[in-house]
Each structure stands twice: as structure tokens, then as C-alpha cells.
Amino acid sequence: MGEDRRLTAVVALAQGMAAVHTPRESWRAAALGACRALAGNFAALSVWERERGRLRVLANVGDRAFDEEEFPDGEAYPVHQFPEITEFLHERWARGGEPNAWVETAEGSTAGRPGYCHQRVAALRRRGRGCCVVAPIVLHGRAWGELYVARPAGEPVFDRADADFATVLASVVAAGLAQTERLEEARRLAYTDALTGLANRRAVDVRLDEAIEQHRRDGAVVSLVVCDLNGLKRVNDTRGHAMGDQLLERFGSVLSLCGAMLPGALAARLGGDEFCLLAVGPAADEVVRAAGELCRRAADLELGEGVACGIASTQDPIGPVRSGRRLFRLADAAQYRAKAVRATKPVVAGREGPDDPVVRLADEPSPAKAERRRFRGRR
């Protein structure tokens, strides 16, 4: 491959990784870009899991064998099965060596320093591949994993120039992975409450809109629990904000624990002393039971004065729910009513008859404002 074509391939790999937004997409783009750049028919990206002493495959692309999934859940290999990895990790670097790629064939190694590796050679033969090039990936100054590209039997064998090019590609992949990590961290921070580690209001808004669309499309049950933590101001005023933060963190843990009773539920802090649980799928009564457990556990916290819980579910008689905003208004109104009557159990929208006060409060803007003020005044 000429220098111009190699440069074009490097640029295409970098652009392909820059265009994606999730780790999986990044892994696939890395493997696919390297496979094309090296004119292979199969490629894999693997990560070295130090704590488990294994090489775990993240993505397989190209002509996969029957036992190779695109994103495998359990394809991993003990590092001790691959002596060249151990050499690279523990000897070559210790001596100031570089993470250079090497080539292996169905007959043994041909280019690069590591020697014959029975496991790789056997795998090549078993899967009808004639050769492979293996390039270590270094991220943040540490061995991260490897890039593996193979060609079928009968195709030209990778040479030293291909191994050198694979080393360059591995460095491009490392840069792309670092960018993906930064994006993931930024995304995590954007949708996470810094104090409790729960989801934040932005995450709830996004997930709620998706849930309502799912409800409109296939009738999925969507339930929202809105909680107001009682006594936070008193704790802040009498014992300091550090203790108030401790109360918020402890309640966040309780909320997460109770949310685990509902498969896939999103536990979030909306801000201040307000929290919520968003569940898609579980029946309304299951959500009510989980919220009841939440109320019981919150009442047992050393700090605070329990919690006021309101629930709105599309499975209850609350009328059509065409937007996340309406479901939120209903759950919010139920929470305010729970606060007003000092309820020790959740208040559920739609369960107090045809003229349900919670539904009326949520759906009648003008009276609702006055009624909400009365609720606040009776804390």
C-alpha cells in the first residue's frame, strides 16, 4: 500500500471514531477502520483486564466465524495463554521498548519480535485464516489492550511494513478511545447528580419523553414517583449543610435500593430535596409497593422527617397521557397532597374516585396554583 493510501486510511479511521458517540460504536469503528486499512477480512478489538488477568474481546467485525459475536458478552482469554502479551507488558516496556505490532501466520510468526504462539496459530487454522497482525494499544501511558486484524488463507501474508502500519493504526485507535472516554465522562456528568450519584432532572426529562413515546406506541405502563424529603431545611439550619448533604446522600441510597425492586427503573434527584423514580413496564401496583417501602425506609433514617411521595401511572384512571409533562404534573400534585395531609404512605393520582383531587389539581391550572400554595403552607 502506498504512502498516500496509508495516510487516507489513517484519516478515515480517525474520522470514523470521531463520528461516533458511544463506547460500542467506538470499538466497532476502530476494528472496522483497521480492518479496511490493512486489507483484512476480520478484525477484533480487545481490552486487557488487569484485575482478572485476561484479554476480553470488545468487538469482532468482518467475516466472523460461527463462535464470534459482534459484541461478545463472554469472549475472554487468560493472558498467560499468550506469552507475547506478557513479554510486551512486563519485559519490553520495562526495558524501554516500544509497543510495536507483530505478525503471526497459520505456520508461526513471520514479522515482529514475539515468537510462535500456539493459541493464536490454532485459532487461525480453526477459523480458516492465514495470518494476523497484532498491535498493542497504549492508553494514558499504560497497556490497554490490542488490535487484531486477520486475512483468510490464500491471501498475501502481512509483512513488516504492515506490522509497522498496524502500530500507527493502534496509536490512532488509542486517541479515538481517549476521546470517547472524555465524551462519556462529559455525558455522565451532564446527566448525573454530583452529590448523590443518581440521575439528574435532565436525565429524567429525556427518559420520560422516551417512555411516553413508548406508551403511545405500544401501551407500555409508565409510572412516575415524585418524592419530597421532609426536614432537610431543619437539618441544614440546626446541624449544618454537611449533615444536610449526608441526609440527601442517605436518602439517595434508599431510593436506589427501592428502585431496584422495579426492573429498569431510573432513580433521580430533581434538585434540592426533591427526588423521583421513573419506571417503564412494571404494573402500577408494583410501583406503589416499591414507593411504600421507600416511605417506610425513609421514616427510619436517623436524619430527616420521612418523605412525601406522590405517584402517577398510565395504568390508573388519570385520563390520556400524551406528554411527559402531564404525567409529571400528576405525580407532583400527588406529592403535594401527600405533603399536605402528612401521609406516611404514597398518594396515587386517580385512585380517589371520579373527582380525584390530585387529577383536578394537576389539570386545572388556576385552582391548582391556589391549592398548591395551601399545600405548601401546611407543611
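Before any of the text, the structure's been laid out above.
Described below are features of the structure shown in this document. Note that residues are indexed from 1 along each chain, following the sequence as it is written. It should be noted that, the model being predicted, local features are given only for residues of pLDDT at least 70 and side-chain atom pairs only at 80 or more, the latter also being counted only at that level, while totals for whole chains, interfaces and linings use all residues. To get the side-chain values, take all heavy atoms of the structure and skip hydrogens and water.

1. Overview of the nonpolar core
Definition of nonpolar core: a set of buried residues of the types Ala, Val, Leu, Ile, Met, Phe, Trp, Tyr and Cys, connected through side-chain atoms within 4.5 Å. Categorising residues by exposure relies on relative accessible area from a 1.4 Å probe, with only protein chains included: less than 20% of the type maximum marks a residue as buried, more than 50% marks it as exposed, and the intermediate range marks it as partly exposed. Core analysis: the largest hydrophobic core is formed by 42 residues, its most contacted members being Leu 45, Val 133, Ile 137, Leu 169, Val 173 and Leu 177. Helix numbers and strand numbers start at the N terminus; a helix is a DSSP run of H or I with at least 4 residues, a strand a run of E with at least 2. Every element with two or more residues in this core is listed here: α1 (3-18), α2 (23-37), β1 (42-49), β2 (54-62), β6 (129-139), β7 (142-152) and α5 (160-190). Here this core gets 10 residues from one element, more than from any other, and that element is α5. When neighbours within four sequence positions are excluded, Val 173 is seen to be in contact with Leu 13, Met 17, Ala 30, Leu 45, Ile 137 and Leu 147. Contact between two residues is taken to exist if any of their heavy atoms lie within 4.5 Å; hydrogens are not considered.

2. Some words on the packing of α1 against α2
The axes used here are C-alpha line fits, helices contributing only the stretch in contact, and every angle between their N-to-C directions lies in the interval 0 to 180 degrees. In the contact formed by α1 and α2, the axes pass within 9 Å of each other and the chain directions differ by 170°. Considering their axes alone, α1 and α2 lie roughly antiparallel with respect to each other. The interaxial crossing formed by α1 with α2 has right-handed handedness. Two secondary-structure elements touch here, α1 through Ala 9, Leu 13, Gly 16 and Met 17 and α2 through Ser 26, Ala 29, Ala 30, Gly 33, Ala 34 and Ala 37. To sort the angles, those under 35 degrees are grouped as roughly parallel, those over 145 as roughly antiparallel, those from 65 to 115 as roughly perpendicular, and the leftovers as oblique. Definitions for this section: a left-handed crossing has its near helix turned counterclockwise from the far helix by less than a right angle. A right-handed crossing has that turn clockwise.

3. Some words on unusual backbone geometry
Its identity as a non-glycine residue notwithstanding, Ala 39 has a phi of 55°, on the positive side. Tracing the sequence through the fold places Ala 39 in the loop between α2 and β1. Although it is not a glycine, Arg 342 sits at a positive phi angle of roughly 55°. Its location among the elements puts Arg 342 in the loop between α10 (324-340) and β12 (347-348).

4. A word on helix α9 (residues 284-299)
Helix length check: α9, at 16 residues, gives a terminal C-alpha distance of 23 Å against a target of 22 Å (1.5 Å per residue), a fit within 8%. Regarding α9, the residues found buried are Ala 284, Val 287, Val 288, Ala 290, Ala 291, Gly 292, Glu 293, Leu 294, Cys 295 and Ala 298. The inward-facing, buried residues of α9 contact β8 (222-229), α8 (241-259), β10 (274-280), β11 (307-313) and β12. To estimate how far a helix should extend, the number of its residues minus one is multiplied by 1.5 Å.

5. Let's talk about the pairing of β2
Strand pairing is assigned whenever DSSP identifies at least 2 bridges connecting the two strands. Two strands pair when backbone bridges link them, and β1 and β2 are joined in this way by eight bridges, in the antiparallel orientation. Paired with Ser 46 across the two strands is Val 57, which belongs to β2.

6. Some thoughts on the sheet that holds β11
Spatially, β9-β10-β8-β11-β12 is the arrangement adopted by the five strands of the open sheet, whose pairing is mixed. Of all the strands in the sheet, just β9 (266-271) and β12 have a single pairing partner and so form its edges. Bridge count for β8 against β10 is seven bridges, and the pairing is antiparallel. The residue bridging Ser 223 from the neighbouring strand is Ala 279, located in β10.

7. Some points on the side chain of Asn 200
Mapped onto the secondary structure, Asn 200 falls in the loop between α5 and α6 (201-218). Every residue in contact with Asn 200, bar those within four places of it in the chain, is listed here: Leu 189, Ala 190, Tyr 191, Thr 192, Asp 193, Ala 268 and Arg 269.

8. Topic: the packing of aromatic side chains
For Phe, Tyr and Trp, where Trp contributes only its six-membered ring, two rings pair if their centres lie within 6.5 Å, and the inter-plane angle classes them as stacked under 30 degrees, edge-to-face over 60, or tilted in between. On inspection of all chains with the given rule, the structure shows two aromatic pairs. On the numbers, 6.2 Å between centres and 75° between planes, the contact of Phe 42 with Tyr 148 is edge-to-face. With Phe 42 in strand β1 and Tyr 148 in strand β7, the pair connects residues that are 106 residues apart, well separated along the chain. Its relative accessible area of 10% is what places Tyr 148 among the buried residues. Consider the rings of Phe 251 and Phe 275, whose centres lie 4.9 Å apart with planes at 75°: the pair is edge-to-face. Here the residue Phe 251 occupies a position in helix α8, and Phe 275 occupies one in strand β10, the gap between them amounting to 24 residues. By definition here, charges over rings are those cases where NZ of Lys or CZ of Arg is within 6 Å of the ring centre and within 35 degrees of the ring normal. The positively charged end of Arg 129 is found above the aromatic ring belonging to Phe 42, 3.8 Å away from the centroid. The side chain of Arg 201 reaches across the aromatic face of Phe 328, ending 4.4 Å from its centre.

9. Concerning α8
Between the first and last C-alpha of α8 there are 26 Å, a value that for 19 residues agrees with the 27 Å anticipated at 1.5 Å per step. For α8, the complete set of buried residues consists of Gly 244, Leu 247, Leu 248, Phe 251, Gly 252, Val 254, Leu 255, Cys 258 and Gly 259. In an axial view of α8, the angular spread of the buried residues amounts to 165°, which keeps them on one side of the axis. Contacts made by the buried residues of α8 are with β8, α7 (232-239), β9, β10, α9 and β11. The reported arc concerns the directions from the helix axis to the C-beta atoms and nothing else.

10. Quick notes on the pairing of β9
In terms of strand pairing, β9 meets β10 through five bridges, oriented antiparallel. Within β10, the position partnered with Ala 268 by the bridge is Cys 276. The turn linking β9 back onto β10 is made up of two residues, and Gly 272 within it adopts a positive phi angle of 55°.

11. Here's the deal with the pattern of salt bridges
We count a salt bridge whenever a side-chain nitrogen from Lys or Arg sits within 4 Å of a carboxyl oxygen from Asp or Glu. Counted under the stated rule, the structure contains 22 salt bridges. The partner of Arg 127 in a salt bridge is Asp 67, with the nearest N and O atoms 3.0 Å apart. One end of the pair, Arg 127, is in the loop between α4 (118-126) and β6; the other, Asp 67, is in the loop between β2 and β3 (76-78), with 60 residues separating them in the sequence. On the basis of relative accessibility, which here comes to 34%, the residue Asp 67 falls in the partly exposed class. Residues Lys 233 and Asp 237 are paired through a salt bridge, measuring 2.7 Å at the closest nitrogen-oxygen approach. Of this pair, Lys 233 and Asp 237 both sit in helix α7, four residues apart, which is roughly one turn of that helix. Through salt bridges with shared partners, a single network forms among Asp 67, Glu 68, Arg 127 and Arg 129.

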